[in-house]
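Now for the letters of each chain:
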Amino acid sequence: MTTHQHDKRDPACLEVFAKLSEYVDGELDAVECQEVEAHIADCPPCVEFLQSLKRCVAAERQFQGREECGPVPPELEQRLKSAWQAALARRHHA
Amino acid sequence: MTTVSRIAPEVEWARRLLAGDESAFTPFVESFQHRIFQYTWLMCGQREDAEEVAQDTLLKIFESFDQLEDPERVKAWVFRIAKNYCLMKRRKSVFAPDRELSLDELLPGQEGDRPIQVADTSELPEGRVLRQELSEELERAMRALPDTYRSVVLLRDVEDLSTADTAEVLDLTEDTVKQRLHRGRLALRKSLAAYVEKAQ
Ligand SMILES: [Zn+2]
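Because the structure is predicted, anything quoted here is derived from the model rather than measured. (Residues numbered from 1 in each chain as written. Chains lettered and ligands numbered in written order. Predicted model: local features only at pLDDT ≥ 70, side-chain atom pairs only at ≥ 80, totals over all residues. Heavy atoms only, no water.)

J.: Looking at this structure, I do not really get the overall build of chain B. What am I missing?
T.: In terms of regular secondary structure, chain B is built from ten helices and zero strands. Scanning chain B from its N terminus toward the C terminus, one meets helices and strands in the order α-α-α-α-α-α-α-α-α-α. For chain B, the share of sequence-separated contacts (at least 6 apart) that also reach a separation of at least 24 residues comes to 70%. Element-wise, carbon and sulfur atoms account for 48% of the exposed surface of chain B, whose accessible area totals about 9500 Å². (Helix = DSSP H or I, 4+ residues; strand = E, 2+ residues; numbered from the N terminus. Contact = heavy atoms within 4.5 Å. Areas by Shrake-Rupley, 256 points an atom, 1.4 Å probe, with all protein chains shown as cover.)

J.: Quick question: what am I supposed to make of the domain arrangement of chain B here?
T.: One frequently used descriptor of interface size is the decrease in accessible area upon assembly of the parts. Residue and element names in this part refer to chain B. Partitioning chain B into structural domains gives domain 1 (9-93) and domain 2 (118-199). Look at where the C-alpha atoms of domain 1 and domain 2 centre, and you get two points 22 Å apart. On the side of domain 2, 18 residues touch domain 1, which itself brings 14 residues to the contact. Between domain 1 and domain 2 lies a buried interface of about 1500 Å² when both sides are counted; carbon and sulfur atoms form 53% of it. Considering only the surface of domain 1 that becomes buried against domain 2, Leu42, Arg73 and Arg80 emerge as the three largest contributors, covering 36% of it. Along the contact surface separating domain 1 from domain 2 lie five salt bridges. (Domains from an automatic or database assignment. Buried area = accessible area lost by both parts, 1.4 Å probe. Salt bridge = Lys/Arg side-chain N within 4 Å of Asp/Glu carboxyl O.)

J.: How should the interface of chain A and chain B be read in this particular structure?
T.: Opposite the 48 residues of chain A that make contact, chain B presents 58 residues. Both sides together, the interface formed by chain A and chain B hides about 5100 Å², and carbon and sulfur atoms give 58% of it. Along the contact surface separating chain A from chain B lie eight salt bridges. There are 20 residue pairs in polar contact (both at pLDDT 80 or more) connecting chain A and chain B. (Polar contact = N/O pair within 3.5 Å; in protein donor to acceptor, adjacent residues only side chain to side chain.)

J.: For this particular structure, what's the right way to read the pattern of salt bridges?
T.: Pairing between side chains becomes possible if they bear opposite charge and their charged atoms approach one another. Enumeration over the complete set of coordinates arrives at 26 salt bridges over all chains. Its salt-bridge partner being Arg156 of chain B, residue Glu27 of chain A comes within 3.7 Å of it at the nearest N-O pair. Pair noted here: Glu27 of chain A is in the loop between α2 (20-24) and α3 (30-40) and Arg156 of chain B is in helix α7 (residues 147-158), and the two residues belong to different chains. In this structure Glu27 of chain A comes out as partly exposed when scored by relative accessible area, which is 25%. Residue classification places Arg156 of chain B among the buried residues on the basis of a relative accessible area of 7%. Residues Glu67 of chain A and Arg47 of chain B are paired through a salt bridge, measuring 2.2 Å at the closest nitrogen-oxygen approach. Taken as a pair, Glu67 of chain A in the loop between α4 (44-61) and α5 (74-93) and Arg47 of chain B in helix α3 (residues 47-63) lie in two separate chains rather than in one. On the basis of relative accessibility, which here comes to 26%, the residue Arg47 of chain B falls in the partly exposed class. One salt-bridge network, in which partners are shared between bridges, spans Asp25, Glu27 and Arg61 of chain A together with Arg156, Asp157 and Arg185 of chain B. (Buried < 20%, exposed > 50% of the residue type's maximum accessible area, 1.4 Å probe, protein only.)

Structural data, given as structure tokens:
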């Protein structure tokens, strides 16, 4: 068992807080990952914080803004298509 | 966690467009049009600007389609173009001035943390009204982020670009992307405390 206080300002917790996004994203190396897991196994405030961070990231991933853009106007669509065809023609003649 | 074993549809459409397949044109446009607009709207702050920038971006994409070297990374290529147009257009005054978010102000147990309403599950709030509320609050919170953080959060979390691709789009190092992503998320978490924290 570690000796830290499970306090939100505990230095051991602060060190873990700093790494939680990388932990959530699977970007920590094996050693750091083990360190984080060893700490949170024994620290309810860190678990709680981790859960709330995960929910926040889940909400971001599903985010849909209220503003919608309208459909591409036919005239623009035609310009886009011509631009694409011209770009491919350039490539084939390059 | 998402795994990247399957080819993303936009990668497939980009390949087909490079090969001259016209049937990929409409799905490609439809897939990106909305995402580009969402990005430009959250980066530019004004609807007219966002629409103009989104259209300029689409046009630039097709005009320079021959320069798409790696269809696997089409999303990063598209958002790099969008970012550049946003920078040209941006009216800085729309947003709070850029400032550094310190870890200290973002950690829990600080004053300003809100009371908590939602019961503990690892899921997001259920129900349409609550989800709607969460989504509106998230939009507000994203707008309130300094734009150095907002741009990273939008690309990494909303658009699901990798750390490496985000770094390339924004001309940052991967370490800076990770640091800004973490602080941006912590700031959002704090704003969304009522929705994402456990009931106590
Ligand atoms: Zn802890």
